[in-house]
Amino acid sequence: MDNTETTETRAAEASTNAQTLLKNLQETLNEEKWTRATLGNYSTGQFKELDDILKTARNEKIIDEVKKNCDEHLAHTRNSIIALYLSGMIALSRQIIDDSAMINLVSIFLDNHKWSIVKYLCERILDWGESKFALRTLADCYKNDNEEEKIFAVWERLVKVDFDEADICKSLAEHYEKLGNKEEAVDYYKKSLHRYINKSASAFANVKEVWEKLLVLYIDDIDFFLHIQKKIAKNISEDKAVTLLNELYAKYKSIDIDIAINILKIILEYDEKDVHGRREIIECFRKKYSSHSQLEEYIRISNLSQNYRDVHQAIADFEKHIAFDKGNYVYHKTWGVGRIAGIAGDDIQIDFSKRRGHKMSLKMAVDALQTLSKNHFWVLKATKKKEELKEKVKDKDENIIWTLKTIIKSFGNACDMKRIKAELSPALLTPGEWTAWNNKARDILKTNPEFGVSADNSDIYIVRDRPVTVTEKLYNEFMAVTNFYDRVSAIREYVNNKNASPDSELFTEMFSYFTDFLRSAGQNAEQSAVSYILINELVENKKYSHLKSALTVNFADILSNIKDIPLFFKNMKDAKLKTEFLSNIRNLISGWPDFYIKLFPLSPLQFIVEQLEEADCGDKLTLMCKDCFENLREYRETVIWLYKNSRNTKWFKAADISYEKQLITLIHILDITYRDIENQKDTVENRKINKLVYNILFKDGDLVSFLNNAEEDAILRIFTFINDVKDLDPQDKENMKKMITGKHPDFKFFGEAEKKKAEEKKKETRVFWVTLPMYEEKNKLLSHIQEVEVPNNSKEIEYALSLGDLRENAEYKAAKEKQEQLNSQVAKLKEEIEKAQLFDPASINTSKISFGTKVVLLNETAGQSEEYTILGQWESDPNNNIISYLSPFGSAILNKSTGERFDYVSNEGKISYLVENISSAI
């Protein structure tokens with residue numbers, strides 16, 4: 001028997017085996033009886049036999065048929081044990097979101113107290129990933145069997161995937177506290193506290209209980225408590241936050257007076273009428289400044305103890321005043337840094353470097369001077385030798401850390417790199433030294449746990465009283481940014497950092513930001529789609545694989561909620577997410593090639609082309625290519641991409657777009673982008689496209705290369721198009737012209753004679769006079785068109801594009817016609833405004849008829865007087881006898897004097913005039 005016969009025989013045997021398995025399965029399903037007695041006889045061994053059937057079905061590649069048969073059977077026998085198990089396990093193996101079959105199956109045995117089978121089924125579900133249902137049920141099994149240690153192990157897994165579970169977190173904390181494991185106990189108490197807060201006001205009793213427990217176990221981490229109180233104020237109420245802050249204050253009053261004062265300030269922010277808080281902060285100030293010579297006086301001056309005075313203003317006044325004491329430093333914007341030499345009553349004496357013994361009143365000092373700590377960087381600059389300080393800030397790591405801390409603390413513990421640079425360069429570091437110093441400093445700020453970022457702005461750095469963990473640092477950076485895609489980058493950085501904790505409640509908070517979008521897919525379709533893709537990406541990291549259970553919706557359902565998928569895809573600001581989005585479409589959408597074809601014109605990606613080529617979709621690519629070149633205004637960026645990347649492909653060549661047409665299309669795009677830039681439309685994007693096209697045509701030499709080998713007719717066509725690009729550098733046109741005439745000396749350029757005439761006429765064109773009101777009116781009109789009508793027209797075009805086929809789209813054609821009108825109107829206005837010259841009313845000369853005069857003429861032919869006002873072309877209104885000095889009649893009477901006679905010839909014949917009077921019209 002040869003190899004061919006052997007292969008055919010094996011294939012026949014496999015087919016027979018498959019058919020036999022499906023037949024036997026169908027018979028087993030039909031014979032299955034569902035009674036309580038039957039359930040009582042079930043054992044885990046029977047499910048292991050079903051696992052063998054699944055294994056065989058996979059080997060025989062008939063797993064789809066098995067699931068189909070089981071699902072059809074369940075349609076009329078919903079409690080079939082065999083069908084539920086086989087269908088449910090196949091669904092789990094495919095990571096299908098719907099796990100209802102296995103849940104129904106477990107519930108059947110749970111109701112009948114078959115704990116061993118329930119346990120087996122839960123473990124089988126968990127073989128395919130974490131499941132809240134399976135973990136909860138498994139914990140119940142262990143509870144039934146009194147296996148306490150196993151219960152806690154399952155609970156630990158459960159709270160990692162169920163972010164709402166707070167009670168179990170608290171139970172785990174209590175368990176570890178009993179075992180004497182303080183670190184684990186604190187961790188679970190913190191988790192439970194976060195989760196109780198998320199349940200809002202209904203769980204405040206639990207919040208208070210856990211808060212008080214942590215005050216005992218974890219009092220040193222003030223940052224944690226201050227972070228938590230903000231969440232309580234936001235999620236529950238400010239009153240409840242104040243209740244807990246008072247407990248925190250009671251602890252810290254005897255530990256750290258500065259922290260105690262800060263806590264009281266927060267309490268008073270929530271409730272400025274809090275009498276207890278006001279009284280306590282006065283006592284804290286007395287304790288902190290007990291050695292200050294003017295303490296009681298400054299309390300009195302600030303009215304800190306008077307309830308009628310706004311407490312925040314009173315505290316600010318007190319802290320301003322208390323900084324003024326002998327030996328302290330101050331700063332004056334003119335005299336620089338000074339040191340307080342003494343205070344006597346309401347007088348203060350200060351030694352500035354160039355103004356020693358300067359005296360001023362305390363009130364004036366408080367208003368005019370900025371108080372500085374002795375470690376303020378300005379004080380160091382004023383009191384230390386420059387070389388000594390320069391040595392201190394040099395680019396060793398320890399020096400940079402000291403410098404960063406000093407400068408950041410000098411400016412309210414909130415400083416960006418711009419401020420830091422201003423302090424160091426060029427005063428202490430040359431520009432070259434600053435560059436190297438800056439690079440090292442940024443690395444230190446990012447990695448050193450003693451530095452963090454502001455909660456409101458990731459560009460603002462702070463110094464931490466307590467070294468921040470990697471987890472906290474990355475969380476703070478996440479919270480400091482508000483842009484959706486910036487947060488995508490931030491959570492990626494967290495997941496990819498091996499030192500960041502996957503179990504931290506801070507990570508849970510970050511992760512929940514994206515899962516919340518999944519829950520509201522209908523309202524936030526675009527963010528939901530990105531969140532789905534992102535979560536799929538994150539769970540590829542083994543440390544975070546348990547989060548797969550957060551995907552509670554299907555990608556196809558999310559996709560159906562996106563109104564404009566091509567526009568959404570274009571606006572997606574992340575290359576990796578785009579690739580994953582495309583992969584999901586290919587895996588889940590049967591007509592994915594048509595989807596890809598729709599996406600490509602707005603988002604040209606090599607990945608799309610490769611996938612379509614691989615699927616033998618060349619014909620679709622050819623049609624798409626033709627459409628892009630025909631609609632170059634809408635798909636200008638894609639046309640450039642196709643020209644640069646696909647000209648040599650079979651499908652591009654099949655589009656039959658000649659090389660000359662390709663170049664002319666690029667020239668059109670160059671012209672369009674120049675116009676859009678001039679009209680301030682999508683300026684950044686159009687500048688980028690314009691530069692790309694310019695480089696292809698001129699710097700890369702594609703245009704010259706074509707012209708060197710082209711016929712004269714083609715050269716004429718190309719140059720004519722180039723010459724019509726108004727904003728192209730004239731030198732580029734001239735260079736091309738020289739190149740053409742160098743190769744074709746007798747070459748005749750189209751329209752050259754007409755162009756010379758036009759240029760001569762243009763030279764003859766003079767500026768024209770206008771009045772100020774009319775000049776302002778024209779500028780307002782230009783601004784209105786550019787800022788209101790053009791953007792409105794762009795929206796009309798965008799809307800028209802969304803309606804589909806542009807060839808049968810009346811809305812699109814009308815919007816484009818309006819765009820041409822507006823562009824023409826803008827160009828004309830700009831040209832006229834550029835030529836307009838403001839007329840100075842003070843220069844009116846009434847001895848002769850001129851701009852700005854009113855003239856009375858006697859029409860001797862008709863025997864009647866006529867009155868005219870002479871202004872410019874903008875003000876001209878013949879119906880009201882306001883004529884332009886540039887009009888035929890205006891030019892004829894210009895410079896005539898009172899008493900002068902003249903004749904004027906018009907279509908109506910010859911008319912004789914006498915100038916009777918000339919006066920000012922302005």
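Criteria and cut-off values
Residues numbered from 1 in each chain as written. Predicted model: local features only at pLDDT ≥ 70, side-chain atom pairs only at ≥ 80, totals over all residues. Heavy atoms only, no water. Buried < 20%, exposed > 50% of the residue type's maximum accessible area, 1.4 Å probe, protein only. Helix = DSSP H or I, 4+ residues; strand = E, 2+ residues; numbered from the N terminus. Arc of directions from axis to C-beta. Contact = heavy atoms within 4.5 Å. Axes fitted to C-alpha atoms, helices over the stretch in contact; angles between N-to-C directions. Parallel < 35°, antiparallel > 145°, perpendicular 65-115°, else oblique. Left-handed = near helix turned anticlockwise from the far one by under 90°. Pairing = 2+ DSSP bridges. 1 Å grid on protein atoms, 1.4 Å probe; cavity = no way out; pocket = protein on both sides within 12 Å on 5 of 7 lines; lining within 4 Å. Points joined across faces, edges and corners; volume = space filled by probe spheres on them. Nonpolar A, V, L, I, M, F, W, Y, C, P; charged D, E, K, R; others polar. Phe/Tyr/Trp six-rings, centres within 6.5 Å; stacked < 30°, edge-to-face > 60°. Core = buried A, V, L, I, M, F, W, Y, C linked by side-chain atoms within 4.5 Å.

## Focus on helix H38 (residues 683-699)
A turn of α-helix holds 3.6 residues, and therefore any two residues three or four places apart point the same way.
Right, on to step 1. All buried positions along H38 are accounted for by Asn686, Ile689, Asn690, Val693, Ile696, Leu697 and Phe698. One side of H38 carries all its buried residues, which in axial view fall inside an arc of 165°. With respect to the buried face of H38, the exposed residues turned more than 90 degrees away are Val684, Arg687, Lys691 and Lys699.
Right, on to step 2. Tucked inside the fold, the buried residues of H38 contact helix H35 (636-645), helix H37 (659-678), helix H39 (702-709), helix H40 (712-723) and helix H41 (730-743).

## A few points about the packing of helix H10 (residues 167-178) against helix H12 (residues 204-217)
Right, on to step 1. In the contact formed by H10 and H12, the axes pass within 12 Å of each other and the chain directions differ by 30°. Between H10 and H12, the interaxial angle falls into the category roughly parallel. The handedness of the crossing between H10 and H12 is left-handed. Counted together, Lys170, Glu174 and Glu177 of H10 and Glu209, Val210, Lys213 and Leu217 of H12 form the full contact between these two elements.

## Quick look at the side chain of His175
Right, on to step 1. Structurally, His175 is set in helix H10.
Right, on to step 2. When residues no more than four places from it in sequence are discounted, the contact partners of His175 are Glu149 and Phe152.

## Brief notes about the sheet that holds strand S13 (residues 901-906)
Sheet strands line up and pair through hydrogen bonds in the backbone, either parallel or antiparallel.
Right, on to step 1. Here we have five strands laid out as an open sheet, ordered S12-S11-S10-S14-S13, and mixed in their pairing. Lying at the two open borders of the sheet, with one neighbouring strand each, are strand S12 (882-884) and S13. Neighbour-to-neighbour, the strand axes of the sheet open up by a mean angle of 45°, direction not taken into account.
Right, on to step 2. The pairing of S13 with strand S14 (residues 909-920) spans six bridges and is classified as antiparallel. In the sheet register, Arg901 faces S14, and the bridge partner there is Leu914.

## Examining the environment of Ile718
Right, on to step 1. Locating Ile718 in the fold gives a position in helix H40.
Right, on to step 2. Apart from the residues within four sequence positions on either side, Ile718 is in contact with Glu660, Leu663, Ile664, Ile667, Leu703, Phe706 and Leu707.

## Brief notes about empty space enclosed by the protein
Right, on to step 1. Tallied over the full model, the rule gives two cavities of 30 Å³ or more.
Right, on to step 2. Estimated volume of the largest cavity: approximately 60 Å³.
Right, on to step 3. Within the residue set of the lining of the largest cavity, elements represented by two or more residues are helix H43 (772-802) and helix H44 (810-835).
Right, on to step 4. Broken down by class, the residue content of the lining of the largest cavity amounts to two nonpolar, five polar and two charged.
Right, on to step 5. The space that makes up the second largest cavity amounts to roughly 30 Å³.

## Focus on the packing of aromatic side chains
Right, on to step 1. Applying the stated criterion across every chain, the model contains 47 aromatic pairs.
Right, on to step 2. Ring geometry for Phe285 versus Phe318: centroids 4.6 Å apart, planes at 35°, classification tilted. With Phe285 in helix H16 (residues 275-288) and Phe318 in helix H18 (residues 311-322), this residue pair connects regions lying 33 residues apart in the sequence. Like Phe285, the residue Phe318 is buried in the burial classification.
Right, on to step 3. Their ring planes at 75° and their centres at 6.0 Å tell us that Phe629 and Phe652 sit as a pair that is edge-to-face. Of this pair, Phe629 sits in helix H34 (residues 618-630) while Phe652 sits in helix H36 (residues 650-654); the two residues are 23 residues apart in sequence, bridging distant segments of the chain.

## Concerning the packing of H37 against H38
Right, on to step 1. At a minimum axis separation of 9 Å, H37 and H38 run at an interaxial angle of 145°. In terms of crossing hand, the pair formed by H37 and H38 is left-handed. Along the contact surface, H37 presents Leu663, Leu666, Ile667, Ile669, Leu670, Thr673, Tyr674, Asp676 and Ile677, while H38 presents Thr683, Asn686, Arg687, Ile689, Asn690, Val693, Tyr694, Ile696, Leu697 and Phe698.
Right, on to step 2. Partitioning the contact of H37 with H38 into residue classes produces 13 nonpolar, four polar and two charged.

## Some remarks on the nonpolar core
Right, on to step 1. Ranked by internal contacts, the top residues of the largest apolar core, which has 121 residues, are Phe47, Tyr85, Phe109, Leu121, Leu248, Ile263 and Phe324.
Right, on to step 2. Non-local contacts of Phe47, meaning those with residues more than four positions away in its chain, are made with Tyr42, Ile81, Tyr85, Leu105, Phe109, Ile117, Tyr120 and Leu121.
Right, on to step 3. Within the second largest apolar cluster, 99 residues are counted, among which are Leu577, Cys625, Leu670 and Ile696.

## Some details on the sheet that holds strand S3 (residues 347-352)
Right, on to step 1. Strands sit in the order S4-S3-S2-S1-S5 across an open sheet of five strands; the sheet is antiparallel. With partners counted over all chains shown, the strands left at the sheet margins are strand S4 (355-361) and strand S5 (370-372), one partner each. Strand-to-strand twist in this sheet, taken as the mean axis angle between neighbours without regard to direction, amounts to 40°.
Right, on to step 2. Across three bridges, strand S1 (residues 329-332) lies against S5 in antiparallel orientation. Within the sheet, the bridge partner assigned to Tyr329 lies in S5 and is Leu372.

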